[in-house]
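A structural walkthrough
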Amino acid sequence: MKRGEVPKQGEFDEIISMIDQARTRALKAVNTELIQMYWRIGEYLSALCADSAFGDKVIDEAAACIAQKNPGIKGFNRRGLYRMKQFYETYQDDEFVTPLVTQISWTNHLLIMSGARSIEERHFYMELCAKEHYSKRELERQIDSAYYERHMLSSGKPMAEAVSHNVRGSILDTYVLEFLELPNPYSEKNFRKAILGNLKQFILEFGRDFTLIGEEYRIQVGGQDFYIDLLFYNRALSCLVPVELKIGKFKPEHIGQINFYLEALDRDVKKENENPSVGVILCAGKDDAVVEYALGHSISQTLVSDYSLCLPDKELLQNKLRELTELVLGNSEENAE
């Protein structure tokens, strides 16, 4: 550029590059601190639970203490603290993860812990995320498509297909925003929370026979914690009714998940004089709403008829779900403006 000339826009690309690189390094540093903090908290809680006669109840007390002393901080409720403990206990003796653990977002760690069924599969997806900088959506797509199994069957293929992404998008997830107490646009988490809150009241008022047992109701299977969005008891049917809300289109695996919950509830929670549980799957999206009921294999035809009379009509629930979706999305757009 000659002296006295106005710089052209392309001549500032170097500055833009400096800014982007600095922001990426800063985000990586925040993610590293976040993961290390979760690991230390998980280690502390694991030791505390092992030494305490009350076991996991210690975590409930810890969550209550944090909520009292830091009411504005997010991610440290009972569910969050259990996940930190699970994170530490899953990898505490696993030397493979040491160089990878802070290279992956907390959201992706949670996806791998819940979606992988073996140590080898966890290692595979962790290495994949660290190498490809996967976002949550990209990792979900690979896990849902059984990429690990397909890779094992054709080991001659490259480790992962190329995807378009950026490092900022793979690291800057909800947990980083909450940790830094930064403003967050209306997220899927808030969307689900708003719909579930309204839906809970609607179901409680339907026929007056539903009683709420709990939100994010925890069940344990094989030493792992799982959480049901809403768990009701229906007095007319004398059975448990778990309700799961999914954002987006209906997927076949949703049936598998609710059936898994039904088996766990009937085995560990249901009383002998009660009937088998029945599940409700709700899928809320911008374009449509889907409602499906799931019944256990042991349910007789007589009970099926009784259930159909006492449960909310599918069309009624679908209309309510559409109404709530439009309402929540409308409010979020107004807040964004």
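Quick note: structure is the one above.
Heads up: these notes are all about the structure in this document. It should be emphasised that the depicted structure is a prediction, and the values quoted were computed from it without experimental measurement.

**Details of the overall build of the chain**
In terms of regular secondary structure, the chain is built from 13 helices and 5 strands. Long-range pairs, those at least 24 residues apart, make up 62% of the contacts in the chain between residues at least 6 apart in sequence. As displayed, the chain has an accessible area near 19,600 Å², and 51% of this comes from carbon and sulfur atoms.

**Notes on the sheet that holds strand β4 (residues 278–284)**
Taken in spatial order, the 5 strands of this open sheet run β1-β2-β3-β4-β5, and their pairing is mixed. Edge positions in the sheet fall to β1 (210–221) and β5 (289–295), since each has one partner strand and no second. Taken over all neighbouring pairs, the strand axes of this sheet differ in orientation by 30 degrees on average, direction set aside. By the bridge criterion, 5 bridges tie strand β3 (residues 239–247) to β4 in an arrangement that is parallel. If you follow L245 over to β4, its bridge partner there is L282.

**Side note on the environment of V278**
Examined against the element boundaries, V278 turns out to sit in strand β4. We classify V278 as buried; its relative accessible area is 0%. Separated by 16 residues in the primary sequence, V278 and A294 place their C-alpha atoms 5.8 Å from one another.

**Some points on a nonpolar patch on the surface**
Where nonpolar side chains cluster on the molecular surface, the patch consists of F12, I15, I16 and I19 and spans about 350 Å² of accessible area. Looking at the secondary structure, you find F12 in the segment before α1 (13–51). When its relative accessible area of 39% is taken as the criterion, F12 is described as partly exposed.

**Considerations on empty space enclosed by the protein**
The gaps of empty space that remain are located by a probe, the size of a water molecule, rolled over the atoms. Under the criterion given, the structure shown has 3 cavities of 30 Å³ or more. Around the second largest cavity sit I203, F210, V241, V243, V280, Y293, L311, P312 and L317, which together line it. Along the lines of polarity and charge, the residues of the lining of the second largest cavity split into 9 nonpolar, no polar and no charged.

**Structural notes on the nonpolar core**
With 38 residues, the main nonpolar core has L81, W106, I112, Y125 and L139 as its most contacted residues. Listed by contribution, the elements that provide at least two residues to this core are α1, α2 (57–69), α3 (78–91), α4 (106–115), α5 (119–132), α6 (136–144) and α7 (147–153). Residues contacting L81, with those up to four places away along its chain left out, are I41, L45, I59, A62, A63, I66 and F76.

**Focus: the side chain of N234**
Checked against the element boundaries, N234 lands in strand β2 (residues 224–234). A polar contact of 3.1 Å, which involves the side chain of N234, links it to the backbone nitrogen of A236. Sequence-distant contacts of N234, defined by excluding residues within four places in its chain, comprise D209, F210, C239, V241 and C310.

**Examining the layout of surface pockets**
For the second largest pocket, the calculated volume is near 180 Å³. Taken together, D56, Y82, K85, Q86, E89, T90, M113, R122, Q220, G223, Q224 and D225 form the lining of the second largest pocket. Listing elements by their share of the lining of the second largest pocket, those giving two or more residues are α3 and β2. No other element matches α3, which puts 5 residues into the lining of the second largest pocket. Residues belonging to the lining of the second largest pocket are distributed by class as follows: 2 nonpolar, 5 polar and 5 charged.

The rules we used
Residues numbered from 1 in each chain as written. Predicted model: local features only at pLDDT ≥ 70, side-chain atom pairs only at ≥ 80, totals over all residues. Heavy atoms only, no water. Helix = DSSP H or I, 4+ residues; strand = E, 2+ residues; numbered from the N terminus. Contact = heavy atoms within 4.5 Å. Areas by Shrake-Rupley, 256 points an atom, 1.4 Å probe, with all protein chains shown as cover. Pairing = 2+ DSSP bridges. Axes fitted to C-alpha atoms, helices over the stretch in contact; angles between N-to-C directions. Buried < 20%, exposed > 50% of the residue type's maximum accessible area, 1.4 Å probe, protein only. Patch = residues over 30% accessible without salt bridge, like charges linked within 9 Å, V, L, I, M, F, W, Y side chains within 5 Å. Salt bridge = Lys/Arg side-chain N within 4 Å of Asp/Glu carboxyl O. 1 Å grid on protein atoms, 1.4 Å probe; cavity = no way out; pocket = protein on both sides within 12 Å on 5 of 7 lines; lining within 4 Å. Points joined across faces, edges and corners; volume = space filled by probe spheres on them. Nonpolar A, V, L, I, M, F, W, Y, C, P; charged D, E, K, R; others polar. Core = buried A, V, L, I, M, F, W, Y, C linked by side-chain atoms within 4.5 Å. Polar contact = N/O pair within 3.5 Å; in protein donor to acceptor, adjacent residues only side chain to side chain.

Function cannot be read off these values alone, since they describe shape.
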